[in-house]
Amino acid sequence: MTAPQAQAPAQEPLRSIVLCADDYALHPLVDEAVERLALAGRLSATSCMATSPGWPAAAARLAALRPQLAVGLHFNLTEGHGGAHPAQALGDVIRQAYLRRPAAGALRTAWREQLDAFERALGTPPDFIDGHQHVHQLPGLRDALLAELQARYAPHERPWVRSTAPAGRLWRSPKAAVIALLGGWTATRRLRRAGVAMNRGFGGVYGFDAATEAGYGAQMAAWLPQVPHGGLLMCHPAAGVVPGDAIGAQRPVEFAYLASEAFGALLQRTGCVVQQGPQAIAALLAPAA
(Lines give C-alpha, C1' and ligand atoms only; values in the text may rest on other atoms or scores of the structure.)
Protein backbone atom coordinates (compact mmCIF):
# COMPACT_ATOMS: atom_id res chain seq x y z
CA MET A 1 0.00 0.00 0.00
CA THR A 2 1.48 3.33 -1.03
CA ALA A 3 1.66 6.25 1.30
CA PRO A 4 -0.84 9.05 0.60
CA GLN A 5 0.57 11.95 -1.40
CA ALA A 6 1.03 15.16 0.53
CA GLN A 7 -1.21 17.87 -0.82
CA ALA A 8 0.26 21.23 -1.74
CA PRO A 9 -1.17 24.07 0.34
CA ALA A 10 -4.00 25.88 -1.39
CA GLN A 11 -2.97 29.21 -2.85
CA GLU A 12 -4.87 32.35 -1.94
CA PRO A 13 -6.76 33.82 -4.91
CA LEU A 14 -5.11 36.81 -6.54
CA ARG A 15 -6.41 40.22 -5.55
CA SER A 16 -6.97 42.77 -8.32
CA ILE A 17 -6.15 46.26 -7.08
CA VAL A 18 -6.36 49.71 -8.64
CA LEU A 19 -3.08 51.64 -8.56
CA CYS A 20 -3.77 55.27 -9.45
CA ALA A 21 -1.20 57.98 -10.17
CA ASP A 22 -2.53 61.39 -9.20
CA ASP A 23 -1.79 64.81 -10.71
CA TYR A 24 -1.53 64.08 -14.45
CA ALA A 25 -0.98 67.40 -16.32
CA LEU A 26 0.60 69.04 -13.26
CA HIS A 27 4.03 68.90 -14.94
CA PRO A 28 5.57 67.09 -17.96
CA LEU A 29 7.70 64.98 -15.59
CA VAL A 30 4.53 63.66 -13.93
CA ASP A 31 3.02 62.91 -17.34
CA GLU A 32 6.14 61.04 -18.47
CA ALA A 33 6.14 58.86 -15.37
CA VAL A 34 2.45 58.01 -15.80
CA GLU A 35 2.95 57.06 -19.44
CA ARG A 36 6.00 54.89 -18.75
CA LEU A 37 4.43 53.08 -15.79
CA ALA A 38 1.18 52.46 -17.68
CA LEU A 39 3.02 50.91 -20.61
CA ALA A 40 4.98 48.73 -18.19
CA GLY A 41 1.74 47.40 -16.65
CA ARG A 42 2.43 49.09 -13.32
CA LEU A 43 -0.54 51.49 -13.25
CA SER A 44 -4.29 51.08 -13.45
CA ALA A 45 -5.35 54.70 -13.63
CA THR A 46 -4.37 58.34 -13.57
CA SER A 47 -6.37 61.31 -12.32
CA CYS A 48 -6.00 64.51 -14.35
CA MET A 49 -5.84 68.17 -13.36
CA ALA A 50 -8.14 69.79 -15.91
CA THR A 51 -7.37 73.17 -14.27
CA SER A 52 -3.76 73.03 -15.47
CA PRO A 53 -2.77 75.27 -18.40
CA GLY A 54 -0.97 72.21 -19.78
CA TRP A 55 -4.05 70.00 -19.67
CA PRO A 56 -5.14 70.20 -23.34
CA ALA A 57 -1.67 69.26 -24.61
CA ALA A 58 -1.23 66.58 -21.94
CA ALA A 59 -4.66 65.11 -22.69
CA ALA A 60 -3.67 64.43 -26.30
CA ARG A 61 -0.99 62.04 -25.04
CA LEU A 62 -3.54 59.88 -23.23
CA ALA A 63 -5.33 58.56 -26.31
CA ALA A 64 -2.79 55.81 -26.92
CA LEU A 65 -2.94 54.72 -23.26
CA ARG A 66 -6.70 54.53 -22.72
CA PRO A 67 -7.06 50.87 -23.71
CA GLN A 68 -4.91 50.14 -20.65
CA LEU A 69 -5.36 53.15 -18.40
CA ALA A 70 -8.50 54.45 -16.69
CA VAL A 71 -8.47 58.25 -16.88
CA GLY A 72 -10.23 60.38 -14.31
CA LEU A 73 -10.84 63.95 -13.16
CA HIS A 74 -8.66 65.13 -10.27
CA PHE A 75 -11.01 67.84 -8.98
CA ASN A 76 -8.88 70.77 -7.82
CA LEU A 77 -9.46 73.75 -5.56
CA THR A 78 -6.02 74.10 -3.92
CA GLU A 79 -3.39 73.99 -6.70
CA GLY A 80 -2.89 77.34 -8.44
CA HIS A 81 -0.52 76.18 -11.21
CA GLY A 82 1.78 79.12 -10.63
CA GLY A 83 -1.05 81.62 -10.48
CA ALA A 84 -2.82 80.39 -13.62
CA HIS A 85 -5.80 79.03 -11.65
CA PRO A 86 -7.63 80.45 -8.61
CA ALA A 87 -6.62 78.42 -5.58
CA GLN A 88 -7.29 78.33 -1.86
CA ALA A 89 -5.33 76.94 1.05
CA LEU A 90 -6.52 73.47 2.03
CA GLY A 91 -7.30 74.65 5.55
CA ASP A 92 -9.57 77.36 4.17
CA VAL A 93 -11.39 74.87 1.93
CA ILE A 94 -11.98 72.51 4.87
CA ARG A 95 -13.15 75.33 7.15
CA GLN A 96 -15.56 76.72 4.54
CA ALA A 97 -16.92 73.22 3.84
CA TYR A 98 -17.73 72.63 7.50
CA LEU A 99 -19.25 76.11 7.83
CA ARG A 100 -21.44 75.28 4.80
CA ARG A 101 -19.82 77.94 2.62
CA PRO A 102 -19.80 78.58 -0.31
CA ALA A 103 -23.35 78.04 -1.56
CA ALA A 104 -24.40 74.83 -3.26
CA GLY A 105 -24.77 76.61 -6.60
CA ALA A 106 -21.16 77.75 -6.57
CA LEU A 107 -19.98 74.23 -5.78
CA ARG A 108 -22.04 72.78 -8.64
CA THR A 109 -20.47 75.38 -10.94
CA ALA A 110 -16.96 74.33 -9.90
CA TRP A 111 -17.75 70.68 -10.62
CA ARG A 112 -19.40 71.55 -13.93
CA GLU A 113 -16.52 73.71 -15.15
CA GLN A 114 -13.86 71.09 -14.42
CA LEU A 115 -15.90 68.27 -15.94
CA ASP A 116 -16.48 70.45 -19.01
CA ALA A 117 -12.73 71.08 -19.34
CA PHE A 118 -12.01 67.36 -19.04
CA GLU A 119 -14.59 66.41 -21.64
CA ARG A 120 -13.55 69.14 -24.10
CA ALA A 121 -10.00 67.83 -24.12
CA LEU A 122 -10.73 64.09 -24.29
CA GLY A 123 -14.15 63.96 -25.92
CA THR A 124 -15.46 61.51 -23.31
CA PRO A 125 -16.60 61.60 -19.69
CA PRO A 126 -14.02 60.63 -17.09
CA ASP A 127 -13.79 56.99 -16.13
CA PHE A 128 -13.72 58.09 -12.48
CA ILE A 129 -13.50 61.13 -10.21
CA ASP A 130 -11.38 61.96 -7.20
CA GLY A 131 -10.07 65.14 -5.57
CA HIS A 132 -6.73 66.87 -5.19
CA GLN A 133 -5.97 66.68 -1.46
CA HIS A 134 -9.26 64.71 -1.20
CA VAL A 135 -11.48 67.80 -1.35
CA HIS A 136 -14.18 65.85 -3.20
CA GLN A 137 -15.18 64.13 0.05
CA LEU A 138 -15.88 67.30 2.06
CA PRO A 139 -19.36 68.42 3.17
CA GLY A 140 -21.15 70.30 0.43
CA LEU A 141 -18.63 69.28 -2.19
CA ARG A 142 -19.66 65.63 -2.04
CA ASP A 143 -23.33 66.58 -2.32
CA ALA A 144 -22.62 68.89 -5.27
CA LEU A 145 -20.67 66.07 -6.91
CA LEU A 146 -23.56 63.64 -6.52
CA ALA A 147 -26.05 66.20 -7.85
CA GLU A 148 -23.87 66.87 -10.89
CA LEU A 149 -23.34 63.16 -11.58
CA GLN A 150 -27.08 62.51 -11.41
CA ALA A 151 -27.92 65.46 -13.67
CA ARG A 152 -25.11 64.95 -16.16
CA TYR A 153 -24.92 61.20 -16.76
CA ALA A 154 -27.34 58.31 -17.15
CA PRO A 155 -26.91 55.69 -14.41
CA HIS A 156 -24.96 53.32 -16.67
CA GLU A 157 -22.61 56.15 -17.76
CA ARG A 158 -21.65 57.53 -14.36
CA PRO A 159 -17.98 57.54 -13.42
CA TRP A 160 -16.91 55.70 -10.30
CA VAL A 161 -15.66 57.84 -7.42
CA ARG A 162 -12.67 57.36 -5.17
CA SER A 163 -13.40 56.32 -1.62
CA THR A 164 -10.80 57.35 0.95
CA ALA A 165 -12.13 54.99 3.62
CA PRO A 166 -8.95 53.21 4.74
CA ALA A 167 -8.44 49.57 3.81
CA GLY A 168 -8.04 47.01 6.61
CA ARG A 169 -6.00 48.32 9.50
CA LEU A 170 -4.62 51.30 7.57
CA TRP A 171 -6.92 53.58 9.59
CA ARG A 172 -4.32 53.24 12.36
CA SER A 173 -2.11 55.69 10.46
CA PRO A 174 -2.89 59.12 11.97
CA LYS A 175 -2.88 60.82 8.57
CA ALA A 176 -5.16 58.19 7.03
CA ALA A 177 -7.51 58.48 10.01
CA VAL A 178 -7.69 62.28 9.66
CA ILE A 179 -8.55 61.98 5.95
CA ALA A 180 -11.25 59.43 6.77
CA LEU A 181 -12.69 61.54 9.60
CA LEU A 182 -12.77 64.64 7.42
CA GLY A 183 -15.17 62.94 5.06
CA GLY A 184 -13.81 59.64 3.78
CA TRP A 185 -16.15 57.41 5.74
CA THR A 186 -19.18 59.70 5.41
CA ALA A 187 -18.76 60.34 1.67
CA THR A 188 -18.31 56.62 1.04
CA ARG A 189 -21.56 55.76 2.82
CA ARG A 190 -23.44 58.61 1.12
CA LEU A 191 -22.31 57.84 -2.42
CA ARG A 192 -22.67 54.08 -2.10
CA ARG A 193 -26.25 54.52 -0.86
CA ALA A 194 -26.88 56.53 -4.04
CA GLY A 195 -25.58 53.65 -6.17
CA VAL A 196 -22.24 55.21 -7.12
CA ALA A 197 -19.46 52.68 -7.73
CA MET A 198 -16.44 53.11 -5.46
CA ASN A 199 -13.23 51.28 -4.63
CA ARG A 200 -13.30 48.88 -1.67
CA GLY A 201 -10.72 50.36 0.66
CA PHE A 202 -7.99 52.95 0.20
CA GLY A 203 -4.24 53.14 0.81
CA GLY A 204 -1.13 55.04 -0.16
CA VAL A 205 -1.31 57.66 2.60
CA TYR A 206 2.00 58.64 4.20
CA GLY A 207 3.98 61.78 4.99
CA PHE A 208 5.86 61.89 1.66
CA ASP A 209 8.95 61.35 3.76
CA ALA A 210 10.40 58.11 2.32
CA ALA A 211 13.67 59.44 0.96
CA THR A 212 14.80 56.20 -0.71
CA GLU A 213 13.30 53.49 -2.89
CA ALA A 214 13.71 51.05 0.00
CA GLY A 215 11.85 53.40 2.32
CA TYR A 216 8.94 53.78 -0.08
CA GLY A 217 9.02 50.03 -0.69
CA ALA A 218 8.60 49.48 3.05
CA GLN A 219 5.48 51.64 2.95
CA MET A 220 4.14 49.64 0.00
CA ALA A 221 4.87 46.39 1.83
CA ALA A 222 2.70 47.62 4.70
CA TRP A 223 -0.15 48.74 2.43
CA LEU A 224 -0.53 45.86 0.00
CA PRO A 225 -1.49 43.12 2.49
CA GLN A 226 -4.31 45.36 3.76
CA VAL A 227 -5.81 46.27 0.37
CA PRO A 228 -8.68 43.96 -0.60
CA HIS A 229 -9.82 42.84 -4.03
CA GLY A 230 -11.16 46.03 -5.62
CA GLY A 231 -9.16 48.33 -3.32
CA LEU A 232 -7.22 51.38 -4.48
CA LEU A 233 -3.74 52.69 -3.78
CA MET A 234 -2.83 56.23 -4.78
CA CYS A 235 0.68 57.24 -5.82
CA HIS A 236 2.41 60.43 -7.01
CA PRO A 237 5.25 59.54 -9.39
CA ALA A 238 7.33 61.79 -11.64
CA ALA A 239 10.31 61.06 -13.85
CA GLY A 240 12.35 63.73 -12.05
CA VAL A 241 12.13 66.34 -9.32
CA VAL A 242 9.20 68.67 -10.00
CA PRO A 243 10.38 72.22 -9.22
CA GLY A 244 8.21 74.30 -6.91
CA ASP A 245 6.07 71.32 -5.89
CA ALA A 246 5.65 70.56 -2.19
CA ILE A 247 6.30 66.85 -2.81
CA GLY A 248 8.50 67.36 -5.86
CA ALA A 249 11.52 65.54 -4.45
CA GLN A 250 9.47 62.51 -3.36
CA ARG A 251 7.89 61.93 -6.76
CA PRO A 252 10.97 60.41 -8.50
CA VAL A 253 11.50 58.09 -5.52
CA GLU A 254 7.99 56.70 -6.02
CA PHE A 255 8.54 56.42 -9.77
CA ALA A 256 11.80 54.51 -9.40
CA TYR A 257 10.26 52.02 -6.97
CA LEU A 258 7.09 51.47 -8.98
CA ALA A 259 9.17 50.72 -12.07
CA SER A 260 11.50 48.37 -10.20
CA GLU A 261 11.83 44.60 -10.06
CA ALA A 262 11.40 44.89 -6.30
CA PHE A 263 7.85 46.16 -6.74
CA GLY A 264 7.05 43.39 -9.17
CA ALA A 265 8.33 40.84 -6.66
CA LEU A 266 6.27 42.41 -3.86
CA LEU A 267 3.12 42.19 -5.97
CA GLN A 268 3.77 38.49 -6.48
CA ARG A 269 4.51 37.85 -2.80
CA THR A 270 1.34 39.59 -1.66
CA GLY A 271 -0.87 38.01 -4.33
CA CYS A 272 -1.78 41.34 -5.94
CA VAL A 273 -2.40 42.17 -9.60
CA VAL A 274 -2.47 45.74 -10.90
CA GLN A 275 -5.75 45.75 -12.79
CA GLN A 276 -5.70 47.49 -16.16
CA GLY A 277 -8.45 48.38 -18.63
CA PRO A 278 -11.17 50.95 -17.80
CA GLN A 279 -14.02 48.50 -18.42
CA ALA A 280 -12.41 45.77 -16.32
CA ILE A 281 -11.85 48.26 -13.49
CA ALA A 282 -15.45 49.50 -13.68
CA ALA A 283 -16.67 45.88 -13.48
CA LEU A 284 -14.37 45.26 -10.51
CA LEU A 285 -15.82 48.22 -8.62
CA ALA A 286 -19.47 47.87 -9.65
CA PRO A 287 -21.93 48.14 -6.73
CA ALA A 288 -23.12 44.82 -5.38
CA ALA A 289 -26.45 43.73 -6.88
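Refer to the structure above for everything that follows.
Summarised in this report is the structure supplied together with it. All figures in this text were calculated on a predicted structure; none of them were measured in a lab. (Residues numbered from 1 in each chain as written. Predicted model: local features only at pLDDT ≥ 70, side-chain atom pairs only at ≥ 80, totals over all residues. Heavy atoms only, no water.)

## Observations concerning the packing of helix α5 (residues 141–152) against helix α6 (residues 174–193)
Put simply, the test is: Where helices are involved, their axes are fitted lines through C-alpha atoms of the stretch in contact, as for all axes, and angles between N-to-C directions lie from 0 to 180°. The helix and strand labels rest on DSSP assignments: H or I over at least four residues marks a helix, E over at least two residues marks a strand, and numbering proceeds from the N terminus. Roughly parallel means an angle under 35 degrees; roughly antiparallel, over 145; roughly perpendicular, 65 to 115; everything else is oblique. In this scheme the crossing of two helices becomes right-handed for a clockwise turn of the near helix relative to the far one and left-handed for an anticlockwise turn of less than a right angle. By definition in these notes, contact holds between two residues if any of their heavy atoms fall within 4.5 Å. Following the grouping adopted for this structure description, the nonpolar residues are Ala, Val, Leu, Ile, Met, Phe, Trp, Tyr, Cys and Pro, the charged ones are Asp, Glu, Lys and Arg, and the polar ones are all others, Gly among them.
Relative orientation of the contacting elements α5 and α6 amounts to 25°, with a least axis distance of 10 Å. Judged by the angle between their axes, α5 and α6 are roughly parallel. Taken as a pair, α5 and α6 cross one another with a handedness that is right-handed. Of α6, the residues touching α5 (which contributes R142, D143 and L146) are G183, T186, A187, R190 and L191. Across the contact of α5 with α6, the residue classes break down as three nonpolar, two polar and three charged.

## Considering the packing of aromatic side chains
When we look at a pair of aromatic rings, we describe it by the centre distance and by the angle of the planes. This is how it is decided: For this analysis, a ring pair means two rings from Phe, Tyr or Trp (six-membered ring only for Trp) whose centres lie within 6.5 Å, classed as stacked if their planes differ by under 30 degrees, edge-to-face if by over 60, and tilted for the remaining angles. Categorising residues by exposure relies on relative accessible area from a 1.4 Å probe, with only protein chains included: less than 20% of the type maximum marks a residue as buried, more than 50% marks it as exposed, and the intermediate range marks it as partly exposed.
A complete count under the given rule lists nine aromatic pairs for this structure. On the numbers, 4.5 Å between centres and 20° between planes, the contact of F128 with W160 is stacked. Linking F128 in strand β4 (residues 128–131) with W160 in strand β5 (residues 160–161), this pair joins segments that are 32 residues apart in sequence. Residue F128 is classed as buried on the basis of its relative accessible area of 0%. A relative accessible area of 3% means that W160 is categorised as buried. What links up through ring pairs into an aromatic cluster is the set Y206, F208, Y216, W223, Y257 and F263.

## Re the packing of helix α4 (residues 104–122) against α5
Packing of α4 against α5 leaves a shortest axis separation of 9 Å and a crossing angle of 55°. Put simply, α4 runs oblique to α5. Pair α4 / α5 crosses with right-handed handedness. Note on element contacts: α5 touches α4 through L141, A144, L145, A147, E148, A151 and R152, opposite L107, R108, W111, R112, L115, D116 and E119. In terms of residue class, the contact of α4 with α5 is made up of eight nonpolar, no polar and six charged.

## Quick word on the nonpolar core
Our working definition: Residues belong to one nonpolar core when they are buried, are Ala, Val, Leu, Ile, Met, Phe, Trp, Tyr or Cys, and are joined through side-chain atoms within 4.5 Å.
If you look at the biggest cluster of nonpolar residues, it comprises 67 residues, and the most contacted ones within it are W55, L62, L141, Y216, M220, L224 and L258. Of the residues forming this core, the biggest block, seven residues, is contributed by α4. Filtering out sequence-adjacent residues up to four positions away, L141 remains in contact with F75, L77, V93, L107, W111, V135 and H136. Grouped together as the second largest cluster of nonpolar side chains are 16 residues, C20, W160, A176 and I281 included.

## Description of unusual backbone geometry
Here the bond from R101 into P102 is cis, since omega is 0°, no more than 30 degrees from zero. One non-glycine residue, D23, lies in positive phi territory at about 80°. For D23, the location among the structural elements is in strand β1 (residues 15–24). Positive phi, close to 55°, is recorded for Q133, a residue that is not glycine. Along the chain, Q133 turns up in the loop between β4 and α5.

## Focus on α6
Our working definition: In this analysis, the expected span of each helix is defined as 1.5 Å times one less than the number of residues it contains. A residue's bend is given by the angle between axes fitted to the 7 residues ending at it and the 7 residues starting at it.
Under the 1.5 Å per step criterion, the end-to-end length of α6 is 27 Å for 20 residues, consistent within 8% with the ideal 28 Å. The largest bend along α6 measures about 60° and falls at L181. Those residues of α6 not exposed but buried are A176, A177, I179, A180, G183, G184, A187, T188 and L191. As for α6, its buried residues are in contact with α3 (90–98), α5 and β5. At the C-terminal side of α6, G195 shows a positive phi close to 85°.

## Focus: the environment of P225
Within the secondary structure, P225 sits in the loop between α7 (213–223) and β7 (232–235). The exposure class of P225 is partly exposed, given its relative accessible area of 46%. In this structure, the C-alpha to C-alpha distance between P225 and G168, residues 57 residues apart in sequence, is 8.7 Å. Those residues in contact with P225 that lie beyond four places of it in its chain are R15, M220 and T270.

All we've got here are geometric facts, nothing functional implied.
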